[in-house]
Amino acid sequence: MHVHDYVWYITVGVLLALLAFDVFIIGRRPHEPTTKESATAIAFYVGLAIVFGLGVWAFSGGQYAGEFFAGWLTEYSLSVDNLFIFLIIMSRFQVPRKYQQTALLIGIILALFFRGIFIAVGAAAINQFSWVFYLFGAFLVYTAVHLAMQGENDDDDYKENAVIRFARKRLNATDEYNGVKLTVVKNGKRLVTPMAIVIVALGTTDLLFALDSIPAIYGLTQEPFLVFTANVFALMGLRQLYFLLGDLLKRLIYLSIGLSVVLAFIGVKLVFHAMHENELPFINGGEHIKWAPEIPISVSLGFIIVTLGITTVLSLWKSRKIAAAEAVNGEAAPAGETAGGELDESTARPQDEVDPQTKAEIDGLAEPEPHETDSKKP
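Only a predicted model underlies this, so the values are computations on that prediction, with no experimental measurement involved.

Enquirer: Please explain the pattern of salt bridges as it appears in this structure.
Expert: Side chains that differ in sign of charge can pair as their charged atoms come close. Scanning all chains against the criterion turns up one salt bridge. A salt bridge links Arg115 to Glu75, with the shortest nitrogen-to-oxygen separation between them at 3.2 Å. A residue pair is termed long-range when its members are at least 10 positions apart, and Arg115 in helix α4 (residues 97–128) and Glu75 in helix α3 (residues 62–92) qualify at 40 residues.

Below is the structure:
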């Protein structure tokens, strides 16, 4: 795929302009986006990605268009899984809702920065060393196994990394937020706000996810232009998607398992590709392995769509089943005796409904008898 320099300049310029508009115009005022605002933004960015893919189809053919859509869907799914970690971080650090938008914007910018670096490094490595596909494939298979062992998405699975723990212990921090500022001065001493720790957490999370996403996208296309645009489009609208889905993100309980299947598939695809172009002297004498299949992009795209579709349907079905079970278990216990064998207060007869004569007899029994004196004795 030959991309002229002016196409690169125009594409990067337009995408940076969209990002700047989102950051400096829409996101300049800390607030929680409304449902309408979030839905409109997501529809716009998704539609823009589809139009771009159709443009690739028109100018470069269906092969490259399929590579873009496969890469975009994979990166978008990884980004949604990234959002789940963002949701846990926001909850752990109790970030106010109106400040979460700013934190997400910074997190997305950091994700773009780290992925840009890895895209450039990956492209340079692929051009120089064909055996790097072995490393990419092995790493994706390892990541897939790790995700599969984690199983369902769960808040308890999240562990703070060493950088976050270091920041918590070593930085002079306060527990109070000062808007979206990273530092605050108290008693003449500058302290770090919790927002700074949140940014550190988001940044390190982005770095780890970039390590997964770049080998995955290079397993679907080796075109740097498509790798770059698929990653950028996958990150666009994530902030609005975070607020639109909200707790629905937690309902995608099988997303990690679905992603593990996709990553394992791409990892095997990368290994086959490396075997097909093998140049390592200790593997098949440095000759290409002819029997290694080349999986076409149409098969890859279909596999990704079907896997993610099944994952989403099963996740929503399981979460609905769990919610129904919790609703049944959460119902009030039937009237009657409690666990301790005592009568439930709800079944006790109100005092005002007791028969007056019976009430008088009870009161009479409760009154103490007068003490007898010597004068009253027989």
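Once the structure has been displayed, the description carries forward.
Enquirer: Sorry if this is basic, but what is going on with unusual backbone geometry here?
Expert: Trans is the common state for peptide bonds, and a negative phi is the common state for residues other than glycine. Unusually for a residue other than glycine, Gln94 sits at a positive phi of about 50°. Inspection of the secondary structure puts Gln94 in the loop between α3 and α4.

Enquirer: Would you mind going over the packing of aromatic side chains with me for this structure?
Expert: Geometry of an aromatic ring pair is reported as the spacing of the ring centres plus the angle between the planes. With the rule as written, the count across this model stands at 12 aromatic pairs. A centroid spacing of 6.0 Å and a plane angle of 40° characterise the contact between Trp8 and Phe228, whose relative ring orientation is tilted. Of this pair, Trp8 sits in helix α1 (residues 5–26) while Phe228 sits in helix α8 (residues 224–235); the two residues are 220 residues apart in sequence, bridging distant segments of the chain. Between Phe68 and Phe233, the aromatic rings sit 6.0 Å apart at their centres with planes inclined by 85°, giving edge-to-face as the arrangement. Of this pair, Phe68 sits in helix α3 while Phe233 is found in helix α8, placing the two residues 165 residues apart along the sequence. With relative accessibility at 4%, the residue Phe233 sits in the buried group. Every member of this aromatic cluster is reached through a ring pair, and the members are Trp8, Phe52, Phe68, Phe69, Phe225, Phe228 and Phe233.

Enquirer: Which parts of the structure should I look at to understand the packing of α3 against helix α9 (residues 238–245)?
Expert: Helix-helix packing is described using two parameters, namely the angle between the two axes and the distance between the axes. Interaxial distance between α3 and α9 falls to 10 Å at its minimum, and their mutual angle equals 60°. Relative to α9, the element α3 lies oblique. By crossing handedness, the relation of α3 to α9 is classed as right-handed. Taking contact as the criterion, the partners of Tyr76, Ser79, Val80, Leu83, Phe86, Leu87 and Met90 in α3 are, on α9, Leu238, Leu241 and Tyr242.

Enquirer: I would appreciate a short explanation of α8 in the present structure.
Expert: Counting along an α-helix, one turn takes 3.6 residues, and residues three or four places apart therefore face a common direction. Between its first and last C-alpha atoms α8 spans 17 Å; for 12 residues at 1.5 Å apiece the expected length is 16 Å, and the two agree. The element α8 is extensively covered by neighbouring structure, given that 10 of its 12 residues are classed as buried. Among all positions in α8, only Phe225, Leu226, Val227, Thr229, Ala230, Asn231, Val232, Phe233, Ala234 and Leu235 are buried. Gly237 lies just past α8 and shows a positive phi near 80°.

Scoring rules and cut-offs
Residues numbered from 1 in each chain as written. Predicted model: local features only at pLDDT ≥ 70, side-chain atom pairs only at ≥ 80, totals over all residues. Heavy atoms only, no water. Salt bridge = Lys/Arg side-chain N within 4 Å of Asp/Glu carboxyl O. Helix = DSSP H or I, 4+ residues; strand = E, 2+ residues; numbered from the N terminus. Phe/Tyr/Trp six-rings, centres within 6.5 Å; stacked < 30°, edge-to-face > 60°. Buried < 20%, exposed > 50% of the residue type's maximum accessible area, 1.4 Å probe, protein only. Axes fitted to C-alpha atoms, helices over the stretch in contact; angles between N-to-C directions. Parallel < 35°, antiparallel > 145°, perpendicular 65-115°, else oblique. Left-handed = near helix turned anticlockwise from the far one by under 90°. Contact = heavy atoms within 4.5 Å. Expected span 1.5 Å × (residues − 1).

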